[in-house]
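The residues making up each chain are set out below.
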Amino acid sequence: MKIRATITAIALTLLALNVPQVQAASSSLTLSLRQTPSATESVVTFYGTIKPARSGLSVKIQGNSSGEWKTTRFVTKTTKAGTWKIVAVATAFDIPIKYRAQVNVGGKVSNSPIRTITIKKPPQISTTDPALVVESFGPGGRIHGADVSRWQHPNDKPIDFSVAYASGLRFVMIKASDTRDEADALALKYLIMDHAAAQAAGLYTGFYHYAILPDVSDSAGIIRDATAQAQKVLWRLAAIGGYTEKDLPYALDLENKCVRVSSSGACQKYASRAAVTLWAETFLGLLKEKTGRTPILYSYSNFLESSMNKSAKLAQYPLWLAQYAIDPFNPINQPGIKAGGCYVHSWTGANCDSQWTIWQYTSCGIAPKYGVPGTRLDLNIFRGSASDFLNLSKGSWAPALVDLMPNNEPTQLIVNAQSASTTNKSVTFKATVTRPDSSPVVTGAIKLVFDAATVPKTSPVQTVLRATSGEWTLAIKGVPAGTYSGNVVYTDVSQTHAQSSQAVTFTVVQGPTPSPTAEPTKKPTKKPSVDGCSKQIKN
């Protein structure tokens, strides 16, 4: 939620209530504040988080310029993710003033650390066109941006987005969600860290979801999975308060069609063209229908051509295209063009060019130049004018209560099939887990929990393979001969869905024991070092 108002030269006359400072032992409140670049007025952004995350808490801003803390009229609510943000307009300048945020949790007052800011006058600009703060400082005179994820936070180091803005970046696409639960939890962690900080520094923010496709071939199963993953994205967007005027649309990162991986990491099965296309159409269509904004598809030309069918439905979505080793400073260069012939896909233009909207032109940007920890950074340019760019952020979506991610929602687990034979073969279970409306659960996984009386002396290795949302195959290797009982248990570490289980019994008989064979000693082969940036643009 954003609250816009005016801090006048006598701003402290608005500070009415003097609230005693009492620290809440169980809650921690953070505060950052920054003068946000603006073409027309001096904008100040206050933002932070409450830990542990609580939604709907009132966060107040207090000021102190004369030795006394007083509460201002600036107040907002925390989001589901525990974040909060207030944007105000200042008309008094060059006066240092102290601020802190305050929240009341269960009758206990918690104050944030104190921050001091001196607001400066904005440059005098003769027009009020907001496009003036979306300057084209990128290669070829185009709007410059970056995309970030966990890899831009080594050792949890924060990104200095004010350096990114000063270096000419005007937007950043943030990884916000992932099909895989562990990767998704990390995406949420760094989304909370980056979203408000980037906007406070003056950057527009977009989001992307990394997709793993389902290991099913029927259309109904593909649609169910795309619907479940779209639901995860909607919950994530709702958790941070929905879209604002500084947000670009969500993007679908679709560059991987492997649906089954072997224990060695090799792909055993790929999704068909029809399956990839139907999944993308369903996912993007649901996001557009729900949020009112047209989402973006991220991929690369060979994937679009070789892994998807041409689709008029897909062609309506803006394309974020990755292609490196092409100089973006040359005005006639662009991605998605073959040396000879055409890439044939949904975004192929009449002259064999790709109708791209954003071009990821390198993965080897000089990270410290843009305030990013580490060495490498993905860099992008936008195709079009500042007005075209701003059109992407038109329309806001504020979630209703029903749009928020549930907490410990009841589930039902059903074991559909099981197999147990001999000790040299894995015991397997196939199970589905559904929500109260019979739709598949969105997060979580299954495991076998042995009853205490039948726990094997040696610990078997459990491997769970996701077929589609809410459907898994569990393989247990190394179970000794014997009869066992236990429960196939569904758990969700995000606590979106509640635990459920089904009791199982099975018998394993002794199988053939392979004779041990001595393996010849192998000398490790030193792999030659490869410079992944040797042909890329370093900018």
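Residues numbered from 1 in each chain as written. Predicted model: local features only at pLDDT ≥ 70, side-chain atom pairs only at ≥ 80, totals over all residues. Heavy atoms only, no water.

Draft legend 1. Summary view of the environment of Tyr484. Assignment of secondary structure puts Tyr484 in strand E26 (residues 482-491). Among residues more than four places away in sequence, those in contact with Tyr484 are Phe450, Thr454, Pro456, Val479, Val504, Thr505 and Phe506. Only 2.7 Å separates the side chain of Tyr484 from the backbone oxygen of Pro480, close enough to count as a polar contact. (Helix = DSSP H or I, 4+ residues; strand = E, 2+ residues; numbered from the N terminus. Contact = heavy atoms within 4.5 Å. Polar contact = N/O pair within 3.5 Å; in protein donor to acceptor, adjacent residues only side chain to side chain.)

Draft legend 2. Main features of helix H3 (residues 219-239). Taking 1.5 Å of rise per residue, the 21 residues of H3 would be expected to cover 30 Å, and the 30 Å separating its terminal C-alpha atoms lies within 8% of that figure. Counting buried positions along H3 yields 15 of 21 residues, so the element is predominantly enclosed. Just beyond H3, the residue with positive phi is Gly241, at close to 100°. (Expected span 1.5 Å × (residues − 1). Buried < 20%, exposed > 50% of the residue type's maximum accessible area, 1.4 Å probe, protein only.)

Draft legend 3. Seen up close, the packing of H3 against helix H4 (residues 273-291). Taken N-terminus to C-terminus, the directions of H3 and H4 make an angle of 35°; their axes are 8 Å apart at the nearest point. Remark: the crossing between H3 and H4 carries right-handed chirality. Along the contact surface, H3 presents Ser219, Ile222, Ile223, Asp225, Ala226, Thr227, Gln229, Ala230, Val233, Leu234 and Leu237, while H4 presents Ala275, Leu278, Trp279, Thr282, Phe283, Leu286, Leu287, Lys290 and Thr291. Taken together, the residues of the contact of H3 with H4 break down into 13 nonpolar, five polar and two charged. (Axes fitted to C-alpha atoms, helices over the stretch in contact; angles between N-to-C directions. Left-handed = near helix turned anticlockwise from the far one by under 90°. Nonpolar A, V, L, I, M, F, W, Y, C, P; charged D, E, K, R; others polar.)

Draft legend 4. Layout of the packing of aromatic side chains. A full pass over the atoms with the stated rule returns 17 aromatic pairs. On the basis of an interplanar angle of 45° and a centroid distance of 5.6 Å, the ring pair of Phe171 and Phe389 is categorised as tilted. Residue Phe171 is found in strand E12 (residues 169-178), and its partner Phe389 is found in helix H7 (residues 386-391); the two are separated by 218 residues along the sequence. A relative accessible area of 1% places Phe389 in the buried class. Taken together, a centroid distance of 6.4 Å and an interplanar angle of 75° make the contact between Trp359 and Tyr361 edge-to-face. Relative accessible area serves as the criterion here: at 0%, Tyr361 is assigned to the buried category. (Phe/Tyr/Trp six-rings, centres within 6.5 Å; stacked < 30°, edge-to-face > 60°.)

Draft legend 5. Quick look at the domain arrangement of the chain. Each assigned domain of the chain is listed here: domain 1 (28-119), domain 2 (133-394) and domain 3 (412-508). Just the C-alpha atoms count here: the centres of domain 1 and domain 3 sit 47 Å apart. (Domains from an automatic or database assignment.)

Draft legend 6. Quick look at the nonpolar core. Counting residues in each nonpolar core, the largest one holds 85 residues, and the members touching the most others are Phe171, Leu203, Leu252, Leu254, Phe283, Leu297 and Phe389. Two domains share this core, each providing at least three of its residues, namely domain 1 (28-119) and domain 2 (133-394). Excluding residues within four positions of it along the chain, Phe389 makes contact with Val134, Ile143, Arg170, Phe171, Tyr204, Leu248 and Phe382. Within the second largest apolar cluster, 21 residues are counted, among which are Ala90, Tyr99, Ala101 and Val105. (Core = buried A, V, L, I, M, F, W, Y, C linked by side-chain atoms within 4.5 Å.)

Draft legend 7. View of the sheet that holds strand E22 (residues 427-434). Here we have four strands laid out as an open sheet, ordered E21-E22-E25-E24, and antiparallel in their pairing. In this open sheet, the two edge strands, each paired with only one partner strand, are strand E21 (412-419) and strand E24 (461-468). Here the strands of the sheet are splayed against their neighbours by 20° on average, with no regard to which way each runs. Alignment of E24 against strand E25 (residues 471-477), held across seven bridges, turns out to be antiparallel. The partner of Gln462 across the bridge, within E25, is Ile476. (Pairing = 2+ DSSP bridges.)

Draft legend 8. Molecular detail of the environment of Tyr208. Along the polypeptide, Tyr208 turns up in strand E13 (residues 204-210). Take Tyr208: its relative accessible area is 10%, and that puts it in the buried class. For Tyr208 and Tyr298, which are 90 residues apart along the polypeptide, the C-alpha to C-alpha distance reads 8.5 Å. In this structure Tyr208 touches Asp147, Val148, Ser149, Met173, Ile174, Lys175, Ala176, Ser177, Tyr250, Ala251, Asp253 and Trp320, once residues within four positions along its chain are discounted.

Draft legend 9. Structural detail: the sheet that holds E26. In spatial order, the strands read E23-E26-E27; together these three strands make up an open sheet with antiparallel pairing. Strand pairing shows two members of the sheet lacking a second neighbour, strand E23 (445-450) and strand E27 (500-508), which therefore form its edges. Looking at each pair of strands side by side, their axes are set apart by 30° on average, direction ignored. Where E23 and E26 come together, six bridges link them in antiparallel fashion.

Draft legend 10. Spotlight on helix H2 (residues 181-200). Spanning 20 residues, H2 covers 29 Å between terminal C-alpha atoms, matching the ideal 28 Å at 1.5 Å per step. At Leu191, H2 shows its maximal bend, which comes to roughly 30°. Taken residue by residue, H2 has Ala183, Asp184, Ala187, Tyr190, Leu191, Asp194, His195, Ala196, Ala197, Ala198, Gln199 and Ala200 as its buried positions. After H2 finishes, the residue Gly202 shows a positive phi value of roughly 110°. (Bend = angle between axes of the 7 residues up to and from the residue.)

Draft legend 11. View of the state of the cysteines. Summed over all chains, the structure comprises three disulfides. Bridging Cys258 to Cys267, the disulfide has an S-S length of 2.2 Å. The sign of the S-S torsion, about 110°, decides the handedness of the disulfide formed by Cys258 and Cys267: right-handed. Residue Cys258 is classed as buried on the basis of its relative accessible area, which comes to 10%. Overall, Cys267 belongs to the partly exposed group, its relative accessible area being 25%. When the bonded cysteines of the chain are counted from the start of the sequence, the pairing works out to 1-2, 3-4, 5-6. (Disulfide = S-S within 2.5 Å.)

Draft legend 12. Local environment of the side chain of Asp378. Residue position: Asp378 is located in strand E20 (residues 376-382). Arg376 provides the closest opposite charge to the buried, unpaired Asp378, separated from it by 6.1 Å. A distance of 3.5 Å separates the side chain of Asp378 from the side chain of Gln360, its partner in a polar contact. Once residues lying within four places of it in the same chain are set aside, the contact partners of Asp378 are Gly145, Ala146, Asp147, Gln360, Thr362 and Ser363. (Lys, Arg positive; Asp, Glu negative; His and termini not counted. Salt bridge = Lys/Arg side-chain N within 4 Å of Asp/Glu carboxyl O.)

Draft legend 13. Inspection of unusual backbone geometry at higher detail. Of the consecutive residues Lys51 and Pro52, the connecting peptide bond is found in the cis state with omega at -5°. One non-glycine residue, Ser438, lies in positive phi territory at about 75°. As for its position among the elements, Ser438 is in the loop between E22 and E23. For Ser438, a relative accessible area of 60% puts it in the exposed group. A positive phi angle, near 60°, is found at Gln495, a position not held by glycine.

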